[in-house]
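# Coordinates in review
Chain by chain, the residues run as shown.
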Amino acid sequence: MPASILIGAQWGDEGKGRVADWLAADADVVARYAGGDNAGHTVVVQDKVYKLHLIPSGILHDHVMCVLGNGMVINPVNLVREIKGLEAEGVSVTPENLLISTRAHIISPAHTALDAASEAQRGADKIGTTLRGIGPAYMDKTGRSGLRIGQMQDIELFAEALHLQLRTTSDRLVKQGFAALNADDEVAIYIEAANFLRPFIADTSDYLNKRLKAGARVLCEGAQGTLLDVDHGDYPFVTSSSPTSGGALTGLGIGPLSVDEVVGVAKAFSTRVGSGPMPTELDGDIATRLRGTGENFWDEFGTTTGRPRRCGWLDAVVLRYAAAVNGFTEMVLTKLDILSGIDTLQIATAYQVGDRRYETNPSTMAEQERAQPIYESLPGWQEDLSGIRQWSALPEAARAYIDRVAALCDTPIRTVSVGPERDQLVHRN
Ligand code: IMP
């Protein structure tokens, strides 16, 4: 059986974790291919809330092998913490259900310190990163000076290389007026993590290709979202990896012909955390209503950073662009229940930039910053959707909203979510 790729269609936080959890039920392997612990995937199983940052949502299924692919940047200390946290919740994590790529890159305290320093230096122009060291780790990777997970297999050499990286970065930071790093202490912490993780390390590209050849179904679990992609997103207000479908191939080391499904996950409205353009952003009552108070775990506050997310109307320009860039075969619309009780809903169908009309995302920051959304109004619905499990039981206005989004993006929508629980999904018959 071939591979499916699951991708965020907006700026991340679309609810990919819960969709991955659903698709993982039919998968043999679930593999993360990009990013690191900047991601925060929330999955709810029987009232228990799991917040995952590095480990794929497939870990909550007994039969699934989880893979952290070569395209990821991994903070080993945070990974050990996440594994131990899951173990404490009764979820067993062993080399029998988790493999880490030898080729994935390591995030060290040098990278987290550089991330913070870079954001401080940018001042008002900051990216609003998650401060997890993602950008600096990918810079070392492409600069060919990074440390890879496979190096943790030889502890002495690894300790030496890490010590050197920390000392050099520390000197650089001190020259710029930032605090020094304590290389000795940090290396000791990393050696402990490396010893813990060593049994999980493998050539995961080889593993995945063998499993694919033997007929396994592989789910490639994306993190972040299309508009955060380093090439296709709102550069420079992006992450430093490729969360789009091409990134799944390079980030796992599998070929394009093994993929038969590309599923886009879109939230029924727009949210963004961090800086950068967001044409349909709202303030006022509707934004507050979409965001929620923060009392519920599904309210729009960052899973990783706790930051309130910017909220706005659904942007079909973004979704149409994401469908094209990724080649979506279908989309799943999440959090439809949150729109209940709003009299009139708006969807951006195009942008006006000066005297030019855009049907797809403009390719320069100068145009993106000037983009004015052109809206289409649709009637809302009052009914609570959370208990609905049949497509035909959805209010007519909700079905019309879904169908309009699908038509605007020329992509079928067969599944929507109406709440965070595993069973709160409604499938078109
Ligand atoms: P970084 O990935 O920490 O470098 O952050 C770069 C940008 O991507 C910032 O705007 C972050 O808020 C955003 N970002 C990174 N990861 C996520 C995510 O998982 N969800 C939403 N936004 C994210």
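Residues numbered from 1 in each chain as written. Predicted model: local features only at pLDDT ≥ 70, side-chain atom pairs only at ≥ 80, totals over all residues. Heavy atoms only, no water.

## A look at the packing of aromatic side chains
In this structure the tally under the stated criterion is 3 aromatic pairs. Measuring from centroid to centroid gives 5.2 Å for F297 and W298, while their planes differ by 85°, and the two rings are edge-to-face. With a relative accessible area of 30%, F297 lands in the partly exposed category. (Phe/Tyr/Trp six-rings, centres within 6.5 Å; stacked < 30°, edge-to-face > 60°. Buried < 20%, exposed > 50% of the residue type's maximum accessible area, 1.4 Å probe, protein only.)

## A few points about the site of the ligand
In the vicinity of the ligand, 16 residues are found, and the nearest of them are N38, T130, T239, V273 and R307. In the environment of the ligand, an oxygen atom lies 2.9 Å from a nitrogen or oxygen atom belonging to the side chain of N38. If the ligand stood free it would expose 470 Å²; the protein chains cover 96% of that surface. Within the shell around the ligand, the residues separate by chemical class into 7 nonpolar, 7 polar and 2 charged. (Near = heavy atom within 4 Å. Polar contact = N/O pair within 3.5 Å; in protein donor to acceptor, adjacent residues only side chain to side chain. Areas by Shrake-Rupley, 256 points an atom, 1.4 Å probe, with all protein chains shown as cover. Nonpolar A, V, L, I, M, F, W, Y, C, P; charged D, E, K, R; others polar.)

## Comments concerning helix α10 (residues 316-326)
Extensive coverage of α10 is indicated by the burial of 9 of its 11 residues. Burial in α10 covers these residues: A316, V317, V318, L319, R320, Y321, A322, A323 and N326. The opening residue of α10, the one whose side-chain oxygen lies 3.0 Å from the backbone nitrogen of V317, is D315. After α10 finishes, the residue G327 shows a positive phi value of roughly 70°. (Helix = DSSP H or I, 4+ residues; strand = E, 2+ residues; numbered from the N terminus.)

## Re the nonpolar core
If you look at the biggest cluster of nonpolar residues, it comprises 61 residues, and the most contacted ones within it are C220, L336, L339, W381, Y401, V405 and V416. Formed by 57 residues, the second largest nonpolar core is a distinct cluster that contains V30, V45, L114 and F158. (Core = buried A, V, L, I, M, F, W, Y, C linked by side-chain atoms within 4.5 Å.)

## A few points about the sheet that holds strand β7 (residues 98-101)
Spatially, the 10 strands line up as an open sheet ordered β9-β7-β5-β2-β10-β1-β11-β15-β19-β20, and their pairing is mixed. Edge positions in the sheet fall to β9 (201-202) and β20 (425-427), since each of these pairs with one other strand and no more. In the packing of helix α7 (residues 204-213) onto the sheet, the strands contacted are β1 (3-8), β2 (29-32), β5 (65-68), β7, β9 and β10 (218-221), and the crossing angle to β5 comes to about 140°. (Pairing = 2+ DSSP bridges. Contact = heavy atoms within 4.5 Å. Axes fitted to C-alpha atoms, helices over the stretch in contact; angles between N-to-C directions.)

## Focus: the packing of helix α5 (residues 155-175) against helix α6 (residues 183-197)
Relative to each other, α5 and α6 sit at 145°, their axes nearing to 10 Å. Of the two elements, α5 crosses α6, and the hand of that crossing is right-handed. Note on element contacts: α6 touches α5 through A183, D184, E186, V187, Y190, I191, A194 and N195, opposite I155, F158, A159, L162, H163, L166 and R167. Here the contact of α5 with α6 is built from residues that sort into 10 nonpolar, 2 polar and 3 charged. (Left-handed = near helix turned anticlockwise from the far one by under 90°.)

## Structural notes on unusual backbone geometry
The omega torsion of the bond from Y235 to P236 falls at 10°, within 30 degrees of zero and hence cis. Checked against the element boundaries, P236 lands in the loop between β10 and α8 (245-250). Notably, D47 is not glycine yet its phi reads approximately 70°, a positive angle.

## Focus: the side chain of T244
Positionally, T244 belongs in the loop between β10 and α8. Excluding residues within four positions of it along the chain, T244 makes contact with I7, Y33, T226, D229, H232, V325 and N326.

## Some thoughts on the environment of R167
Mapped onto the elements of the fold, R167 is located in helix α5. Residue class for R167 comes out partly exposed when judged on its relative accessible area of 41%. Remark: the alpha-carbon pair of R167 and A20, spanning 147 residues in sequence, is separated by 40 Å.

## Thoughts on the environment of V77
Relative to the elements of secondary structure, V77 occurs in helix α2 (residues 76-88). For V77, a relative accessible area of 19% corresponds to the buried category. For V77 and A27, which are 50 residues apart along the polypeptide, the C-alpha to C-alpha distance reads 28 Å. If we skip the residues at most four places from it in the chain, V77 touches I189, Y190 and A193.

## Side note on the packing of α2 against α6
Viewed as axis vectors pointing N to C, α2 and α6 meet at an angle of 55°, and their least axial separation amounts to 9 Å. In terms of orientation, α2 and α6 fall into the oblique class. By crossing handedness, the relation of α2 to α6 is classed as left-handed. Across from P76, V77, L79, V80, I83 and K84 in α2, the residues of α6 making contact are I189, Y190, A193, F196 and L197. Looking at side-chain class alone, the contact of α2 with α6 contains 10 nonpolar, no polar and 1 charged residues. (Parallel < 35°, antiparallel > 145°, perpendicular 65-115°, else oblique.)

Note that all results are geometric; they support no functional claim without further evidence.
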